[in-house]
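# Inside the fold
So the chains spell out like this:
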Amino acid sequence: MNDEVVSYEIRERVGIITLRNPPVNALAPGMREGIIDLVKAANEDPAVDAIVLTGAGRNFIAGADIRQFGKTRAVTSRTSAAAIEASEKPVVAAMDGYCLGGGLEHALACHHRIATPAARLGLPEIKLGIIPAGGGTQRLPRLIGAAAALDMILSGRQAGADEALALGLIDEIATGDLVAFAAGVARRIALERPLRKTSALTAWRTADREKPEIIEMARQAAARKKSPLKAPGYAIELVAASLSVDVDAGIALEHDRFSELEDSDEAKALRYAFFAEKTAGKIPGIAKPPAGDGVRSAAVVGGGTMGSGIAIAFADAGIPVKMLEATPEALKRGMERIRSTYDARIRRKRLTPAQMQERLARIEPASRYESIGDCDAVIEAVFERVDLKMDIFGKLDVVMKPGALLLTNSSAIDINVMARATKRPGSVAGAHFFAPANVMKLCEIVAGDATTIDTLGRAAAMGRALGKISVVAGSCDGFAANRSRAPLVTEMMLLLEEGALPWQIDKVMMDFGYPMGPFAVSDLSGLDVSYDTRKRRAAADPDYRKLHVPDRLVEMGRHGQKNGAGWYRYENNDRTPRPDAVVNQVIADIAREFGIPQREFTDEEILHRLLFASVNEACKIVDEGKSFRASDIDAMWLNGFGFPRHRGGLMYWADCIGAPAILYQVQAWHERYGKRWKPSPLLALVAGENGRLREAVAPETAFLPALVPQPSTHATK
Ligand code: 3HC
């Protein structure tokens, strides 16, 4: 037995099995074997009447070790869970913290379940493109009913202890020391027979029986979601099986389905996405997030769409926030915007009126700079005008307390410009949110030349406290996220000039897995938004390639959904995009005016034109040290741009095509279309080694002078 991951002691006739794999006790090799051996030993020991299964530290078990998927396992959770249930002496699960996936499945096989008030229970496998494989799809419905089980398995959500008790998922909430409490319960039930085996229960509950169509309803709901994944359909099929076949047959079916999914492309991509996001949170030079130094109060300068969204994000996270606006009218509009966002959530039953009041109470309107000076962080979120921003940062420098984070939500302006407007450039960084700021999970933390590591670490921790994925980038035009997406936008506009149509391109991207096509998204945010930026760029750069089609549409007054016409037309307040012959005409006119030949495009060519352009740019970003790692770009695309998660991310997807094939195509387009397709040296390097783009890291970098050196050159094993 591996003593490092599992230990055993006997306390007053109760055998206590403790699993240990910090930080979250994921089921590492040796743990399942240890459970089987120790349950057997306890059964054979006349000095033991009952058993407690628990986790060391603050967690029970957060599930199977995700790194072990795809590798051969000597013992599966199915077997160790079966060993627990077959024990002739009662086994009590004593759960604290995370009790997820394979962890919950072991608890389901126990004869009694106890949790602390801090326990979080769930079966999150669906988020990894798999289904529970330790008997969870069969025991959970038997314990809490098919309807509740379907909800938990299909959403992957976590239930707190109170809800778990109400569902019948646990028997008791522990008070005082968890293991002592559980051992007391184990002694109390030691002699009770027959043992309560979850497998022996029926999955039909009265409520379910009243609704025999629950499985059909789940199937229909899943069909409406149009998920590209297999796992939800299999999960429904398995819960249906729990209602109709015996537990052994159900578990055998679960095993078959799991074996099929474990190494599927979608599961591999989702596992990669999980770790890409975890890695993106790591900042070289910071061993761990600074403790006890978090942002406990914040201010937002600007109450427009972004400012009010950011204020909501703080209020939702339980952090008091002040919203500063220049005029009482603007402040009133900002507060109204916030209220209407909350009202919409109440209408959709995502919030109660009492919760709304609680959150509104955390948002304090402010009209003077002096009144925000005591906040731990301030985020400027006003128009993208350099003079305005410099003025604001000058004022913030005067009023903000020492040590406060001075952050900007700018998506375009060099952080160094704002830093120079203060006497504390080390405290200035970007905190770039994505619209809608209270929904989108990406928070791009942008480092200026002088930003200190401490500022970066604290700003990233602030993003995480808001429930966001914080990813660090260096200051450059568009930073890392928007800069890597900009070539996609350019190509989609230029494809039009060559004969593709917006609805064709949107369909290709939706078939790929985006929830909306890029032109429909552009209609939502407004075509006018980028018009001024393009004009500025054209004025500054004589080589700038103008995008004639969107420019013409804006000049015709087609600004998108807000005025009923953009790339599509919209009728009677309906948000359905409808193809519009006017747009066909504009495209045809422009092609004729500029003498651009028209042709047909395959779906694959469209997809590759859009995404290869961004892959090439992402390589340049990493090469220039504006992102620590290529996988950070994936974390950004997944959380800022709705990139389909089951495709892993931009660079992961690129690796599925292969760097050499992408380089070959980029070189061909470079010859045909000119410098915008110049291949990145990093792309060429990785292609030459037939390596993986997603594993590329920035070279020893000037990313931040204070950072410890990166691993040398590009790791592309
Ligand atoms: N396997 C391997 N590593 C894991 C892990 C897992 N299941 N869960 C967490 N970790 C690692 C993280 O990668 C991270 O490592 P790092 O410090 O080296 O970056 C560390 O544990 C701490 O994790 P977080 O930073 O995510 O800590 P949080 O407190 O923010 O979140 C958590 C904790 C909610 C447990 C979150 O990590 C999580 O969601 N983990 C995945 C849980 C899961 O999906 N479990 C089901 C696995 S599949 C399964 O059980 C199959 C079964 O049916 C047989």
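Quick caveat, the model's predicted, so the values are computed rather than measured.

## What about the overall build of the chain?
- From N to C terminus, the chain includes 29 helices and 17 strands.
- Computed over C-alpha atoms, the radius of gyration of the chain comes to 28 Å, within 12% of the 27 Å expected from 2.2 N^0.38 for 717 residues, which places it in the range of a compact globule.
- In terms of overall dimensions, the chain has a C-alpha envelope of 90 × 60 × 55 Å along the principal axes.
- Within the chain, the fraction of its 717 residues that count as buried is 54%.
- Put simply, of all contacts in the chain between residues at least 6 apart along the chain, 72% involve residues at least 24 apart.
- Of the accessible surface of the chain, which amounts to about 30600 Å², a share of 54% is contributed by carbon and sulfur atoms.

## Regarding empty space enclosed by the protein
- If you walk through the whole model with that rule in mind, you get one cavity of 30 Å³ or more.
- The space that makes up the largest cavity amounts to roughly 30 Å³.
- Lining the largest cavity are R534, K535, A538, Y544, K546, L547 and D551.
- Examining the composition of the lining of the largest cavity, we find that three residues originate from one element, helix α22 (residues 531-540), more than from any other.
- Each residue belonging to the lining of the largest cavity can be placed in one class, and the counts come to three nonpolar, no polar and four charged.

## Quick notes on the packing of helix α20 (residues 502-512) against helix α25 (residues 603-623)
- Interaxial distance between α20 and α25 falls to 10 Å at its minimum, and their mutual angle equals 80 degrees. Taken together, α20 and α25 sit at an angle that is classed as roughly perpendicular. Touching Q504, I505, V508, M509 and F512 of α20 are D603, I606, L607, L610 and L611, all from α25.
- Partitioned by chemical class, the residues of the contact of α20 with α25 number eight nonpolar, one polar and one charged.

## Focus on a positive patch on the surface
- Positive charge collects at one region of the surface, where R67, K71, K127, K278, K282 and K441 lie side by side.
- Along the polypeptide, K282 turns up in the loop between α12 (265-280) and β10 (298-301).

## Regarding the sheet that holds strand β5 (residues 98-100)
- Taken together, three strands build an open sheet; the order of strands is β5-β7-β8 and the sheet is mixed. The sheet is open, and its two borders are formed by β5 and β8 (158-160), each paired with just one other strand. Looking at each pair of strands side by side, their axes are set apart by 25 degrees on average, direction ignored.
- Summarising the sheet, strand β7 (residues 120-122) and β8 pair through three bridges and their orientation is antiparallel. Across the sheet, the residue bridging to G122 is Q158, located in β8.
- Seen against the sheet, helix α3 (residues 102-109) touches β5 and β7 and runs at an angle of roughly 80 degrees to β5.

## Observations regarding the pairing of strand β15 (residues 428-433)
- For β15, the tally of buried residues reaches six of six residues, placing the bulk of the element in the interior.
- The pairing of strand β14 (residues 405-408) with β15 spans three bridges and is parallel. By the bridge assignment, L406 is partnered in β15 with V428.
- Of the crossover connections in this fold, the one passing from β14 over helix α17 (residues 415-420) to the parallel β15 is right-handed.
- Inspection of the sheet shows β15 paired to strand β16 (residues 442-447) by five bridges, in the antiparallel sense.

## A word on the packing of aromatic side chains
- Evaluation of the coordinates by the stated rule reveals 15 aromatic pairs.
- Ring centres 5.7 Å apart and planes at 55 degrees place the aromatic pair W503 and Y568 in the tilted group. Of this pair, W503 sits in helix α20 while Y568 sits in the loop between α23 (548-555) and α24 (581-593); the two residues are 65 residues apart in sequence, bridging distant segments of the chain.
- Relative accessible area serves as the criterion here: at 5%, Y568 is assigned to the buried category.
- Over the ring of Y234 we find R257; its NZ or CZ atom is 4.6 Å from the centre of that ring.
- The ring of F641 carries the charged tip of R485 above its face, separated from the ring centre by 5.5 Å.

## A closer look at the sheet that holds β16
- Strand order in the open sheet formed by eight strands is β12-β11-β10-β13-β14-β15-β16-β17, with mixed pairing between adjacent strands. The open sheet is flanked by β12 (363-366) and β17 (469-474), the only strands paired with a single partner. In this sheet, adjacent strand axes meet at a mean angle of 25 degrees when their direction is disregarded.
- Here four bridges tie β10 to strand β11 (residues 321-324), and the two strands are oriented parallel to one another. Within β11, the position partnered with A298 by the bridge is V321.
- Helix α16 (residues 386-399) rests against β10, β13 (377-380), β14 and β15 of the sheet, and its axis sits at about 170 degrees to β14.

## Some words on the confidence of the model for the chain
- Mean pLDDT over the chain stands at 93; residues scoring 70 or higher make up 96%.
- Per-residue pLDDT stays below 50 along residues 708-717; that stretch engages in 29 contacts with residues further than four places along the chain or on separate chains.

## Re the environment of I236
- Mapped onto the elements, I236 comes out in helix α10 (residues 231-244).
- On the basis of relative accessible area, I236 is assigned to the buried category, the value being 1%.
- Through-space distance from the C-alpha of I236 to that of K626 is 44 Å; in sequence the pair is 390 residues apart.

## Considering the pairing of β17
- The element β17 is largely enclosed, with a buried count of six among its six residues.
- The two faces of β17 match: I469, V471 and A473 on one face and S470, V472 and G474 on the other face are all buried.
- Between the parallel elements β16 and β17, the chain passes through helix α18 (residues 453-465) in a crossover that is right-handed.

## Let's talk about the domain arrangement of the chain
- Structurally, the chain comprises domain 1 (6-262) and domain 2 (298-479).
- Placing the centre of domain 1 and that of domain 2 at their C-alpha centroids yields a distance of 42 Å.

## Quick notes on the site of the ligand
- Taken together, 25 residues lie around the ligand, and A64, E105, E125, K278 and K282 are the ones closest in.
- Within the backbone of I66, an N or O atom sits 2.8 Å from a nitrogen atom of the ligand.
- The protein chains hide 75% of the 980 Å² of surface that the ligand would expose on its own.
- Where the shell around the ligand is concerned, the elements lending two or more residues are β5, α3 and α12.
- Per-element accounting of the shell around the ligand gives the leading share, three residues, to α12.
- Residue composition of the shell around the ligand, by class: 15 nonpolar, four polar and six charged.

## A look at the pattern of salt bridges
- Counted by the stated rule, this structure contains 52 salt bridges.
- Residue E380 is joined to K389 by a salt bridge in which the shortest nitrogen-to-oxygen separation is 2.8 Å. Neither residue differs from the other here; E380 and K389 are each classed as buried.
- One salt bridge connects R629 with D632, and the closest N-O pair in it is separated by 3.0 Å.

Reading the values: the criteria
- Every residue gets a number counted from 1 within its own chain, in the order that chain's sequence is written.
- This being a predicted model, a pLDDT of at least 70 is required before a residue's local features are given, and a value of 80 or more before pairs of side-chain atoms are given or counted; all residues contribute to the totals for chains, interfaces and linings.
- Side-chain numbers here rest on the full set of heavy atoms in the structure, without hydrogens or water.
- Secondary structure elements are taken from DSSP: a helix is a run of H or I of four residues or more, a strand is a run of E of two residues or more, and numbering for both begins at the N terminus.
- Every radius of gyration here is taken over C-alpha atoms, with the globule rule written as 2.2 Å times N^0.38, N being the number of residues.
- Here's how the labels work: a residue is buried when its accessible area is under 20% of the maximum for its type, exposed when over 50%, partly exposed in between, all with a 1.4 Å probe on protein chains only.
- Contacts are assigned to residue pairs that have any heavy atoms within 4.5 Å of one another.
- For the accessible areas, the method is Shrake-Rupley and the probe is 1.4 Å, while residue cover comes only from the protein chains on display.
- A cavity here means a set of 1 Å grid points, computed over protein atoms only, where a 1.4 Å probe fits but cannot escape. A pocket is an open set with protein on both sides within 12 Å along at least 5 of 7 lines, and lining residues have an atom within 4 Å of a point.
- Grid points are joined across faces, edges and corners, and a volume is the space filled by probe spheres set on the points.
- For this classification, the nonpolar set comprises Ala, Val, Leu, Ile, Met, Phe, Trp, Tyr, Cys and Pro, the charged set comprises Asp, Glu, Lys and Arg, and every other residue, Gly included, is treated as polar.
- Each axis is a line fitted through C-alpha atoms, and for a helix only the stretch in contact is used; angles between axes span 0 to 180 degrees, taken between their N-to-C directions.
- An angle below 35 degrees is treated as roughly parallel, one above 145 as roughly antiparallel, one from 65 to 115 as roughly perpendicular, and anything else as oblique.
- Any residue with relative accessible area above 30% and no salt bridge may belong to a patch, with like charges joined within 9 Å and the nonpolar Val, Leu, Ile, Met, Phe, Trp and Tyr side chains within 5 Å.
- Think of a salt bridge as a Lys or Arg side-chain nitrogen and an Asp or Glu carboxyl oxygen that are within 4 Å of each other.
- Counting rule for charge: Lys and Arg are taken as positive, Asp and Glu as negative, and neither His nor the chain ends is counted.
- Every charge is mapped onto a representative atom, which is NZ of Lys, CZ of Arg, CG of Asp or CD of Glu.
- Strand pairing is assigned whenever DSSP detects at least two bridges linking the two strands.
- Look down the strands so they point away from you; if the path from the first strand over the helix to the second goes clockwise, the crossover is right-handed.
- A pair of Phe, Tyr and Trp rings is counted when the ring centres sit within 6.5 Å of each other, with Trp represented by its six-membered ring. The angle between the planes then sorts it: under 30 degrees is stacked, over 60 is edge-to-face, the rest tilted.
- We call a charge positioned over a ring when the NZ of a Lys or the CZ of an Arg lies within 6 Å of the ring centre and within 35 degrees of the ring normal.
- One number per residue, pLDDT, summarises how confident the predictor is, and it ranges from 0 to 100.
- Residue ranges assigned to the domains are those given by an automatic or database domain assignment.
- By convention in these notes, a residue is near a molecule or strand provided one of its non-hydrogen atoms lies within 4 Å of it.
- What qualifies as a polar contact is a pair of N or O atoms within 3.5 Å, subject to a donor-acceptor requirement within protein and to the restriction that residues adjacent in sequence count only when both atoms come from side chains.

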